[in-house]
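For reference, the chains in residue letters:
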Amino acid sequence: MRLNDTAQLGSYSATFDGMTSRQGPNYREDIATFTIRQDGALVGTMTPSKRSFTTRGMSTTEAALMTRGVSQLYISLGAAEPNGSITARIYYKPMVLLIWFGPVLMAFGGMLSLSDRRLRVGAPKPARPKLSGLAQPAE
């Protein structure tokens with residue numbers, strides 16, 4: 001993406017507003033700024049970054065995540081070009097937070113199954129010895 005390029009993601013659009021650099025305690029960070037709009041209305045700003053650790057000679061990516069209801073927008077940076085353009089991975093995951101509904105439903109089902117006393121499995125009760133008419137108490 002170049003400066004002021006816009007990517008369309010369903011009803012959302014992400015506009016690349018530029019890059020800034022910042023020096024951290026042990027890294028150099030390039031921060032991209034994206035303006036997010038939904039159907040033309042401003043929703044917010046996302047700022048993913050890429051950190052370069054000079055002592056280790058490695059880099060990491062700090063993704064930007066925006067949660068809207070049960071959906072999420074995700075932006076991760078790739079390589080930055082000398083002409084000011086960047087490679088960005090932009091994802092829109094509709095209803096991704098509903099994945100947590102599965103474990104909640106399973107926990108509810110487990111509690112529901114424990115509430116029925118007929119279905120409980122517990123330790124077996126000791127068998128009572130059968131008393132016959134011939135047995136006499138000891139004197």
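Rules and cut-offs
Residues numbered from 1 in each chain as written. Predicted model: local features only at pLDDT ≥ 70, side-chain atom pairs only at ≥ 80, totals over all residues. Heavy atoms only, no water. Helix = DSSP H or I, 4+ residues; strand = E, 2+ residues; numbered from the N terminus. Buried < 20%, exposed > 50% of the residue type's maximum accessible area, 1.4 Å probe, protein only. Contact = heavy atoms within 4.5 Å. Areas by Shrake-Rupley, 256 points an atom, 1.4 Å probe, with all protein chains shown as cover. Core = buried A, V, L, I, M, F, W, Y, C linked by side-chain atoms within 4.5 Å. Pairing = 2+ DSSP bridges. Axes fitted to C-alpha atoms, helices over the stretch in contact; angles between N-to-C directions. Salt bridge = Lys/Arg side-chain N within 4 Å of Asp/Glu carboxyl O.

- The chain goes by Cytochrome c-type biogenesis protein CcmF in an unreviewed UniProt entry, where it is assigned to Afipia felis.

## Examining the overall build of the chain
- Each helix and strand counted, the chain has one helix and nine strands in total.
- Secondary structure elements of the chain, listed N to C terminal, follow the sequence β-β-β-β-β-β-β-β-β-α.
- Counting all 139 residues of the chain, 24% fall into the buried class.
- Within the chain, counting contacts between residues at least 6 apart in sequence, those at least 24 apart form 32% of the total.
- As displayed, the chain has an accessible area near 10500 Å², and 58% of this comes from carbon and sulfur atoms.

## Focus: the nonpolar core
- By size, the foremost hydrophobic cluster in this structure holds 15 residues, and its most contacted members are F34, I36, M46 and L73.
- Excluding anything up to four places from it in sequence, I36 contacts Y12, S13, A14, A41, L42, V43, G44, M46, M66, L73 and I75.

## Points about unusual backbone geometry
- Within the chain, N4 stands out as a residue other than glycine whose phi angle is a positive 70 degrees.
- Within the element layout of this structure, N4 appears in the segment before β1 (6–9).
- Look at N4 and you get exposed, because its relative accessible area is 55%.
- Even without being a glycine, M95 presents a positive backbone phi close to 60 degrees.
- When you line up the elements, M95 lands in the loop between β9 (86–93) and α1 (101–115).
- Owing to a relative accessible area of 53%, M95 belongs among the exposed residues under this scheme.

## Observations concerning the sheet that holds strand β8 (residues 71–80)
- One open sheet holds the three strands; their spatial order is β7-β8-β9, and the pairing between them is antiparallel. Only two strands of the sheet have a single partner each, and these edge strands are β7 (64–68) and β9. Direction aside, the axes of adjacent strands within the sheet are offset by 15 degrees on average.
- As paired elements, β8 and β9 share seven bridges and run antiparallel to each other. When the bridges of β9 are listed, L73 appears paired with Y92.

## Some remarks on the side chain of S13
- Along the chain, S13 falls in strand β2 (residues 12–23).
- Owing to a relative accessible area of 11%, S13 belongs among the buried residues under this scheme.
- The residues contacting S13, other than those within four sequence positions of it, are T6, A7, Q8, T35, I36 and R37.

## What about the pattern of salt bridges?
- The full count for this structure, using the stated rule, is three salt bridges.
- For the salt bridge of E29 with R22, the shortest nitrogen-to-oxygen distance reads 2.5 Å.
- Measuring nitrogen to oxygen at the nearest pair gives 3.1 Å for the salt bridge that ties R51 to E29. Here E29 lies in strand β3 (residues 28–38) and R51 lies in strand β5 (residues 49–53), a separation of 22 residues in the sequence.
- The exposure class assigned to E29 is buried, which follows from its relative accessible area of 3%.
- Counted as one network, the salt bridges with shared partners bring together R22, E29 and R51.

## Focus: the pairing of β7
- Pairing of β7 with β8, which is carried by five bridges, proceeds in the antiparallel orientation. Residue M66 lies in a different strand from β8, and its bridge partner there is L73.

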